[in-house]
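# A structural walkthrough
Chain by chain, the residues run as shown.
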Amino acid sequence: MTYINADDAPLAYTGQIKLYGANGFAGMRKAGQIAAAALDMIGEYVKVGVTTAALDQRILDFGIDHNAIPATLNYKGYTHSSCISINHVICHGIPSDKKLKNGDILNIDITYIVDGWHGDSSRMYVAGTPKRLAERLINVTYESLMRGLAAVKPGATTGDIGHAIQTYVEAERMSVVRDFVGHGLGRLFHDAPSIFHFGEPGEGETLAEGMIFTIEPMVNIGKPNSKILKDGWTAVTRDRSLSAQYEHSIGVTKDGYEIFTGSPKGYKCWPYE
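All values derive from a computational prediction rather than experimental measurement.

Basis of the calculations
- Residues numbered from 1 in each chain as written.
- Predicted model: local features only at pLDDT ≥ 70, side-chain atom pairs only at ≥ 80, totals over all residues.
- Heavy atoms only, no water.
- Helix = DSSP H or I, 4+ residues; strand = E, 2+ residues; numbered from the N terminus.
- Rg over C-alpha atoms; globule rule 2.2 N^0.38 Å.
- Buried < 20%, exposed > 50% of the residue type's maximum accessible area, 1.4 Å probe, protein only.
- Pairing = 2+ DSSP bridges.
- Patch = residues over 30% accessible without salt bridge, like charges linked within 9 Å, V, L, I, M, F, W, Y side chains within 5 Å.
- Areas by Shrake-Rupley, 256 points an atom, 1.4 Å probe, with all protein chains shown as cover.
- Salt bridge = Lys/Arg side-chain N within 4 Å of Asp/Glu carboxyl O.
- Lys, Arg positive; Asp, Glu negative; His and termini not counted.
- Charge placed at Lys NZ, Arg CZ, Asp CG, Glu CD.
- Polar contact = N/O pair within 3.5 Å; in protein donor to acceptor, adjacent residues only side chain to side chain.
- Contact = heavy atoms within 4.5 Å.
- Axes fitted to C-alpha atoms, helices over the stretch in contact; angles between N-to-C directions.
- Parallel < 35°, antiparallel > 145°, perpendicular 65-115°, else oblique.
- Left-handed = near helix turned anticlockwise from the far one by under 90°.
- Nonpolar A, V, L, I, M, F, W, Y, C, P; charged D, E, K, R; others polar.
- Phe/Tyr/Trp six-rings, centres within 6.5 Å; stacked < 30°, edge-to-face > 60°.
- Lys NZ or Arg CZ within 6 Å of the ring centre and 35° of its normal.

Here the focus is the overall build of the chain. Secondary structure summary: the chain contains 4 helices and 17 strands in total. Against the globule reference of 19 Å for 273 residues, the chain gives a C-alpha radius of gyration of 17 Å, in line with a compact fold. With respect to the three principal axes, the spread of C-alpha positions in the chain is 50 × 45 × 40 Å. Evaluated residue by residue, the chain yields a buried proportion of 54% over its 273 residues.

Structure (structure tokens):
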């Protein structure tokens with residue numbers, strides 16, 4: 001893998017890792033904060049009887065109000081402003097007229113384009129009261145993201161991130177999904193490198209100051225295996241066990257990392273109070 005100054009890179013996927021300067025970090029900070037503010041906003045509307053289509057409409061309206069374009073809208077034929085994944089749906093759940101039921105857990109994944117930069121983040125929510133195991137899954141998933149973040153610094157590797165996540169999750173007797181990964185981003189929605197949420201220390205790509213990417217572990221109560229439904233988007237657990245995900249967009253700094261998508265209200269893991 002080679003590295004390139006982002007200012008010299010084409011606006012296309014080349015397989016090279018782009019290194020961003022102050023302007024890139026500023027652009028990502030602005031986009032990330034709008035995505036995070038939308039996730040702060042949407043929580044109060046996640047209730048029993050609400051449809052995921054209604055939540056998606058609020059996310060679109062919020063973007064319009066903040067001059068932010070949902071990156072998923074018309075992306076490779078996808079026709080919604082967010083991905084909303086319920087219970088055993090791992091990721092890329094399609095908003096619909098299905099109403100939320102008591103105890104449903106859901107991941108809401110939002111990416112906005114703001115002045116050409118992509119702010120990408122997701123969080124878990126609960127309609128009504130969750131079952132105890134579902135709540136534990138949410139907590140473990142959030143903690144796994146935090147442990148992955150703690151491994152980020154120049155000179156570390158993507159394998160260090162994955163190892164930190166995997167060892168924690170498996171010690172909690174849960175599993176990490178292998179089929180979906182974090183990714184570079186910036187002016188592109190998906191870019192190099194891929195960030196695996198499992199791995200060995202010292203393996204993978206070496207982290208360098210200026211890299212920008214997501215970390216977004218998907219954790220299952222059951223086995224890690226997934227499958228894609230006939231709609232071509234929705235990924236579910238093969239054993240229909242519950243799944244959860246948290247995601248942040250970050251940049252590698254000279255001595256660690258900056259989270260671009262931290263909650264403006266200071267929210268961490270559900271419940272958001």
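Strand order in the open sheet made by the 3 strands is E8-E12-E15, with antiparallel pairing throughout. The open sheet is flanked by strand E8 (175–176) and strand E15 (243–245), the only strands paired with a single partner. Here 3 bridges tie strand E12 (residues 218–220) to E15, and the two strands are oriented antiparallel to one another. Following the sheet pairing, Val 219 is matched in E15 by Ala 244.

There is a patch of like positive charges on the surface, built from Lys 98, Lys 101, Lys 227, Arg 238 and Arg 240. Tracing the backbone through its elements, the reader meets Lys 101 in the loop between strand E5 (89–91) and strand E6 (105–114).

Turning our attention to the side chain of Thr 214. Note on placement: Thr 214 falls in strand E11 (residues 212–215). On the basis of relative accessibility, which here comes to 0%, the residue Thr 214 falls in the buried class. Here the side chain of Thr 214 touches Glu 216 through a polar contact of 2.7 Å, side chain to side chain. Contacts of Thr 214, omitting those with residues within four sequence positions, involve Asp 120, Gly 182, His 183, Leu 185, Ile 195, Glu 247, His 248 and Ser 249.

What follows deals with the sheet that holds strand E13 (residues 226–228). The pairing of strands in a sheet comes from backbone hydrogen bonds and takes either a parallel or an antiparallel form. Strand order in the open sheet formed by 3 strands is E5-E14-E13, with antiparallel pairing between adjacent strands. Taken across any chain shown, the strands that pair with only one partner, and hence form the sheet edges, are E5 and E13. For this sheet, the mean inter-axis angle between neighbouring strands, taken without regard to orientation, is 40°. Two elements, E5 and strand E14 (residues 235–237), share 2 bridges in a ladder whose sense is antiparallel.

When two helices pack together, their arrangement is given by the angle between the helix axes and by the axis-to-axis distance. The geometry of helix H3 (residues 132–150) relative to helix H4 (residues 158–171) is characterised by a closest axis approach of 8 Å and an angle of 150° between their N-to-C directions. Between H3 and H4, the crossing angle belongs to the class labelled roughly antiparallel. Seen along the crossing, H3 lies across H4 with a hand that is right-handed. On the side of H3, the interface is formed by Val 140, Glu 143, Ser 144, Arg 147 and Gly 148, while H4 contributes Ile 161, Ala 164, Ile 165, Tyr 168 and Val 169. The class makeup of the residues in the contact of H3 with H4 is 6 nonpolar, 2 polar and 2 charged.

Applying the stated criterion across every chain, the model contains 7 salt bridges. In this structure, Glu 258 engages Arg 29 in a salt bridge whose closest nitrogen and oxygen atoms are separated by 2.6 Å. Taken together, the residues span a long stretch of sequence, with Glu 258 in strand E17 (residues 257–259) and Arg 29 in helix H1 (residues 22–42) at a distance of 229 residues. Owing to a relative accessible area of 22%, Glu 258 belongs among the partly exposed residues under this scheme. Across the salt bridge formed by Glu 143 and Arg 147, the nearest N and O atoms sit 2.9 Å from each other. Of the two residues, Glu 143 and Arg 147 both sit in helix H3, 4 residues apart, roughly one turn of that helix. Given a relative accessible area of 27%, Glu 143 falls into the partly exposed group.

When we look at a pair of aromatic rings, we describe it by the centre distance and by the angle of the planes. All told, the structure shown has 9 aromatic pairs when counted by the stated rule. A ring pair is formed by Phe 25 and Phe 260, whose centres lie 5.3 Å apart and whose planes are at 80°; its orientation type is edge-to-face. With Phe 25 in helix H1 and Phe 260 in the segment after E17, this pair connects stretches of sequence that are 235 residues apart. Across the pair, Phe 260 and Phe 25 agree in class, each one buried. Positioned above the aromatic ring of Tyr 45, the side-chain terminus of Arg 58 is 3.7 Å from the ring centre.

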